[in-house]
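# Fold and contact review
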Amino acid sequence: MNTKVPAPAALLAINAGSSSIKFSLFRLTANVQKIGEGRIIRIGLPGMSFELTRNQLSEIETLPNDVTDYVSAIKFIVDWLECQPLFAQVKVIAHRMVHGMEDCSPAIVNDHMLSTLKKEAGDDPEHLPNEIKLIDAFRYRYSQLPQYVCFDSYFHQDMPAVAKLLPLPRRFTQSGIRRYGFHGLSYQYIMQKLKAEGNGEGKIIIAHLGNGSSLAAVKDGKSVDTTMGFTPASGLPMSTRSGDIDPGVAWHIMKHERLTADQFIHMTNHESGLLGVSGSSGDMHDLLSRDATDYFAVEAVDLFCYYVKKSVGAFTAALGGIDTLVFTGGIGENAAVIRKKVCTGLEFLGIELDYEANQKNENVISVAEAGVKVYVMPTDEELMMAETISELMNI
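As a starting point, this report considers the structure included with it.

## Considering the pattern of salt bridges
Scanning all chains against the criterion turns up 12 salt bridges. As a salt-bridge pair, lysine 34 and aspartate 380 come within 2.9 Å of each other at their nearest N and O atoms. With lysine 34 in strand 3 (residues 33-41) and aspartate 380 in the loop between strand 13 (373-376) and helix 15 (381-392), the pair connects residues that are 346 residues apart, well separated along the chain. In terms of burial, lysine 34 and aspartate 380 fall into one category: buried. Salt-bridge contacts for aspartate 152 lead to arginine 96; the nearest nitrogen and oxygen are separated by 2.9 Å. Separated by 56 residues along the polypeptide, aspartate 152 in the loop between strand 8 (147-151) and helix 4 (161-164) and arginine 96 in strand 6 (residues 90-97) bring together distant segments of the chain. Residue classification places aspartate 152 among the buried positions, given a relative accessible area of 0%. Taken together, the shared-partner salt bridges connect Lys75, Asp79, Glu82 and Arg141 into one network.

Right, dumping it as structure tokens:
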């Protein structure tokens, strides 16, 4: 008698950005296994596309779509997944949520949580509203599927009190206005990889450099400090985000340009950073391709690297030294020239790159005799989500 063995359950991980939606499917076996992934990128911008990668294929497929904005992107993703045979195996959905405020432990979505998140959505208008729309869309279509959230601020929850504190009147601190930090799923994944290699202890600085960029100082596995604060708009200059700016600049611009608060937030999130300084692009690849002809592009790149370098120095002070430096994220993993610009001049800290290893994006790019080991490590936030929720559900 032939007994058909049921297919193992699957988990869908959704990672919503301000202009992208990434998703991955995982088999929930003894070891969580990725079986496919896709993404819609540059939503609402020129060059928007839907890309799909199946694990059996090395190349990326670009598929036709009718996406025009974030709402249509959500509908497209839900409709497309419903037509995929593998989706029938999905038993749970995990979402990356950028901000959880004070209560940021991974948790199942329920009415109370959604109500709380919707009240807090205005504090991070670039991320939370779209993330909530995705949860609502899957809840409406697949009410029987449990949904969980993994908060990006969770990794930083145990930062020292002094690193969380903002120099504002106490009434704001008491209402939850403080530094939270983000990119936590990425940092958590990198720390897991370092521990697997036997290098997860000591004084570690991780540079997650991409469209959104931040650094984290980690000591013996715990977050000590990070460049982002109350929202992901703070810290380093990024693709289109200003990062930290003088409050007087905000007052001056809003007064003389007659900007509303909403218009100012839009400018600092979508018209600033690399795009604002270069006047042409927020894409690092574009800017690097123009370094021989475009002075503003060169200045934007140099400014970005200068801020990253300063943060490495500051975090070395916060840690009382540095043993390991890790580059990750789209820029950190792929842009050798950025890593070189950041590390040049930090030899006094024990940071010294191997030129050829850096050019080849090898795993270890520091010279053998350097006092600080420098890594290039791909991150995987979706895998971190899948492993976290699998463990939470005791699968």
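## Some details on the nonpolar core
Residues Leu209, Leu215, Phe304, Leu325, Phe327, Ile338 and Ile351 are the most contacted members of the largest nonpolar core, which totals 35 residues. Listing elements by their share of this core, those giving two or more residues are strand 9 (203-208), strand 10 (214-219), helix 10 (284-289), helix 11 (295-319), strand 12 (324-328), helix 13 (336-343) and strand 13. Of the residues forming this core, the biggest block, 9 residues, is contributed by helix 11. Apart from the residues within four sequence positions on either side, isoleucine 338 is in contact with Met284, Leu288, Val301, Phe304, Cys305 and Ile331.

## Some remarks on the sheet that holds strand 11 (residues 222-226)
Taken together, the 5 strands give an open sheet; going across it, the order is 11-10-9-12-13, and neighbouring strands pair in mixed fashion. On the outer flanks of this sheet lie strand 11 and strand 13, each paired with one strand and no other. Within this sheet the neighbouring strands show an average axis-to-axis angle of 20 degrees, counted without direction. Sheet strands touched by helix 11: strand 9, strand 10, strand 11 and strand 12. Its angle to strand 10, the strand with the most contacts, is close to 20 degrees.

## Side note on the sheet that holds strand 3
Spatial strand order, 5-4-3-2-1-6-8-7: 8 strands in an open sheet with mixed pairing. Across the chains shown, the open sheet's two edge strands, defined by having one partner strand only, are strand 5 (61-63) and strand 7 (107-108). Sheet topology places strand 3 next to strand 4 (residues 49-54); 6 bridges connect them, and they run antiparallel. By the bridge assignment, isoleucine 41 is partnered in strand 4 with serine 49. Across the sheet, helix 3 (residues 128-141) touches strand 1 (10-16), strand 2 (21-27), strand 6 and strand 8, and the angle it forms with strand 6 is around 170 degrees. Each of strand 1, strand 2, strand 6, strand 7 and strand 8 touches helix 15; the most contacted strand, strand 1, lies at about 130 degrees to it.

## A short note on the layout of surface pockets
In this approach, a probe sized like a water molecule rolls over the atoms, and the result shows the empty space that is left. Roughly 1,200 Å³ of internal volume is contained in the second largest pocket. Lining of the second largest pocket is provided by 38 residues; of these, Phe230, Thr231, Ser234, Asp244 and Ile245 occupy positions nearest its centre. For the lining of the second largest pocket, the secondary structure elements donating two or more residues are strand 11, helix 7 (247-256), helix 8 (261-270) and helix 11. By residue number, the principal contributor to the lining of the second largest pocket is helix 8, which donates 5 residues. Of the residues that constitute the lining of the second largest pocket, the class distribution is 19 nonpolar, 13 polar and 6 charged.

The rules behind each value
Residues numbered from 1 in each chain as written. Predicted model: local features only at pLDDT ≥ 70, side-chain atom pairs only at ≥ 80, totals over all residues. Heavy atoms only, no water. Salt bridge = Lys/Arg side-chain N within 4 Å of Asp/Glu carboxyl O. Helix = DSSP H or I, 4+ residues; strand = E, 2+ residues; numbered from the N terminus. Buried < 20%, exposed > 50% of the residue type's maximum accessible area, 1.4 Å probe, protein only. Core = buried A, V, L, I, M, F, W, Y, C linked by side-chain atoms within 4.5 Å. Contact = heavy atoms within 4.5 Å. Pairing = 2+ DSSP bridges. Axes fitted to C-alpha atoms, helices over the stretch in contact; angles between N-to-C directions. 1 Å grid on protein atoms, 1.4 Å probe; cavity = no way out; pocket = protein on both sides within 12 Å on 5 of 7 lines; lining within 4 Å. Points joined across faces, edges and corners; volume = space filled by probe spheres on them. Nonpolar A, V, L, I, M, F, W, Y, C, P; charged D, E, K, R; others polar.

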